[in-house]
Amino acid sequence: MIGRSRDWLLAFTSGILLALMLNYNGLLAKHTMPIFASWAAHGLGAFAAFVLVVSCSRLLGPPSKEAQPPPKAPLWYYLGGVPGAFTVILAAIAVNSSLALSGTIALMLVGQVLFGIVSDHFGLFRTPKRRIVAADFLAALLVLAGSVLIIFGRA
Amino acid sequence: MALYIILALLNGVVVGTTRAINGQLSTVLGPFKASFWNHIVGFVFLTLMLFVLGGWKSGASGAPLYAYLGGFFGAFYVAMYSYVLPRLGGMKVALLVISGQMISAVLMDYHNQDVPPTAARFLGVVMVLFGMQMTRRARSPEMKAIHDD
């Protein structure tokens, strides 16, 4: 149960980090353009992640001899960054339409949750299958409706 | 208009896809390496896009140095959700990331513009908090078959 709470908190914290990331990327995009800002953020993010990987392996020391070799990941496991980078382009198009920034963000959140439901149900991309229960729909409704109030209730 | 609505919804689907794939990579390589691959592959892809779309001339003139901090937050953001995604499932991760993002947005606006949140926003935060609590209630015993460790 403690492990679950930790996972839950980590997921929430990653949302805070996402908000900070978007805040700074937005600032950079104001001075340049969205694709350039995302390009710079990906480059610096790769550098930061590389430092994390190296410092972690230093801290933990070399892997023990008995450790089994890690299973091999299929090539497409490495390509998550492609759709990730593509979102910047899609968002830039939608924001410039009559949806504006608020409408685009709201619809993106709805799309994410719908994908999550379908993905859990079918186990898309080899993710673990998880049965969606009534409480899940209520949670989704509350989070999305609350988010819409936050997005459009700004002024 | 309908086209743009579909495009924005599709964007959310693409975000979910990225997370699912990075989550799977982290089960093999661990979260930090998954974050590294996500960023380096995205960087190469965007480099090509900038050549195709011709965005180089826009250069980063005049942007303050701290505007480049986004990438560092991004490295941790990707590592963190990649670690929990195979454990919580895509839907719960989506809801919790959105909750963190939305509540932070309210606090950041308050901090940056010194305008207290409106009643609508306050109600929104309360609803998000209740929704987060509901994700804890929605137990999922089927998940146990997944971890081979």
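Residues numbered from 1 in each chain as written. Chains lettered and ligands numbered in written order. Predicted model: local features only at pLDDT ≥ 70, side-chain atom pairs only at ≥ 80, totals over all residues. Heavy atoms only, no water.

Turning to the overall build of chain B, a few remarks are in order. Looking only at helices and strands, chain B has five helices and zero strands in total. Helices and strands appear in chain B in the N-to-C order α-α-α-α-α. The buried share of chain B, taken over its 149 residues, is 53%. Residue pairs at least 24 apart in sequence account for 65% of intrachain contacts in chain B once pairs closer than 6 positions are excluded. (Helix = DSSP H or I, 4+ residues; strand = E, 2+ residues; numbered from the N terminus. Buried < 20%, exposed > 50% of the residue type's maximum accessible area, 1.4 Å probe, protein only. Contact = heavy atoms within 4.5 Å.)

Every contact between the two is made by 107 residues of chain B and, on the other side, 106 residues of chain A. Taking both sides of the interface into account, the surface hidden between chain B and chain A amounts to around 10,100 Å²; carbon and sulfur atoms contribute 78%. In this assembly, chain B and chain A are joined by two salt bridges. Note that Asp7 of chain A is salt-bridged to Arg87 of chain B, the shortest N-O span being 2.9 Å. Here chain B is connected to chain A by 17 residue pairs in polar contact (both at pLDDT 80 or more). The greatest single-element share of the side of chain B that touches chain A, amounting to 21 residues, is contributed by helix H1 (residues 2–29) of chain B. Among the residues forming the side of chain B that touches chain A, the class breakdown is 66 nonpolar, 33 polar and eight charged. (Buried area = accessible area lost by both parts, 1.4 Å probe. Salt bridge = Lys/Arg side-chain N within 4 Å of Asp/Glu carboxyl O. Polar contact = N/O pair within 3.5 Å; in protein donor to acceptor, adjacent residues only side chain to side chain. Nonpolar A, V, L, I, M, F, W, Y, C, P; charged D, E, K, R; others polar.)

Here we come to the confidence of the model for chain A. Looking at chain A as a whole, its pLDDT mean stands at 90, while 92% of the residues score no less than 70. Per-element confidence in chain A is highest for helix H5 (residues 134–152) of chain A, whose mean pLDDT is 96, and lowest for helix H3 (residues 81–95) of chain A, whose mean pLDDT is 89. (pLDDT = per-residue confidence, 0-100.)

Let us look at the environment of Pro86 of chain B. Residue and element names in this part refer to chain B. Counting through the fold element by element, Pro86 comes out in helix H3 (residues 70–88). By relative accessible area, Pro86 is classed as buried at 7%. C-alpha of Pro86 to C-alpha of Ser26: the two residues are 60 residues apart in sequence and 8.7 Å apart in space.

A few words on the packing of aromatic side chains. As enumerated under the stated definition, the model contains twelve aromatic pairs over all chains in all. Judged by centre distance (4.9 Å) and plane angle (80°), the rings of Tyr78 of chain A and Trp37 of chain B are edge-to-face. Here Trp37 of chain B lies in helix H2 (residues 31–53) and Tyr78 of chain A lies in the loop between helix H2 (34–60) and H3, a pairing that spans two chains. Overall, the relative accessible area of 33% leaves Trp37 of chain B in the partly exposed class. Judged by centre distance (5.8 Å) and plane angle (70°), the ring pair of Phe36 of chain B and Trp37 of chain B falls under edge-to-face. An aromatic cluster is built from Phe50 and Tyr78 of chain A together with Phe36 and Trp37 of chain B, whose rings are joined through pairwise contacts. The ring of Tyr81 of chain B has Arg19 of chain B lying over it, and the distance from NZ or CZ to the ring centre is 5.7 Å. The ring of Trp8 of chain A carries the charged tip of Arg136 of chain B above its face, separated from the ring centre by 4.6 Å. (Phe/Tyr/Trp six-rings, centres within 6.5 Å; stacked < 30°, edge-to-face > 60°. Lys NZ or Arg CZ within 6 Å of the ring centre and 35° of its normal.)

Take helix H4 (residues 90–113) of chain B next. Over its 24 residues, H4 of chain B extends 34 Å from the first C-alpha to the last, a length consistent with the 34 Å expected when each residue adds 1.5 Å. The buried fraction of H4 of chain B is high, at 18 of 24 residues. (Expected span 1.5 Å × (residues − 1).)

Annotation of chain A at the domain level lists domain 1 (1–65) and domain 2 (97–155). One C-alpha centre belongs to domain 1 of chain A, the other to domain 2 of chain A, and the line joining them spans 22 Å. (Domains from an automatic or database assignment.)

One pass over the full model with this rule turns up six salt bridges over all chains. In this structure, the salt-bridge partner of Arg154 of chain A is Asp109 of chain B, at a minimum N-O distance of 2.9 Å. Of this pair, Arg154 of chain A sits in the segment after H5 while Asp109 of chain B sits in helix H4, placing the two residues on different chains. Overall, the relative accessible area of 15% leaves Asp109 of chain B in the buried class. Between Arg121 of chain B and Asp109 of chain B there is a salt bridge whose closest N-O contact spans 3.0 Å. In this pair, Arg121 of chain B is assigned in helix H5 (residues 119–137) and Asp109 of chain B in helix H4, connecting sequence segments twelve residues apart. Salt bridges sharing partners connect three or more residues here, namely Arg4 and Asp7 of chain A together with Arg87 of chain B.

Our focus in this paragraph is the domain arrangement of chain B. Residue and element names in this part refer to chain B. Taken as a whole, chain B is organised into domain 1 (1–88) and domain 2 (90–149). Domain 1 puts eight residues into the contact, and the matching count from domain 2 is eight residues. With both sides pooled, the region where domain 1 packs onto domain 2 buries about 680 Å², and carbon together with sulfur makes up 74% of that total. If you look at where domain 1 meets domain 2, you find zero residue pairs in polar contact (both at pLDDT 80 or more). Tallying contributions element by element places H3 first for the side of domain 1 that touches domain 2, with seven residues. Counted by class, the side of domain 1 that touches domain 2 contains six nonpolar, no polar and two charged residues.

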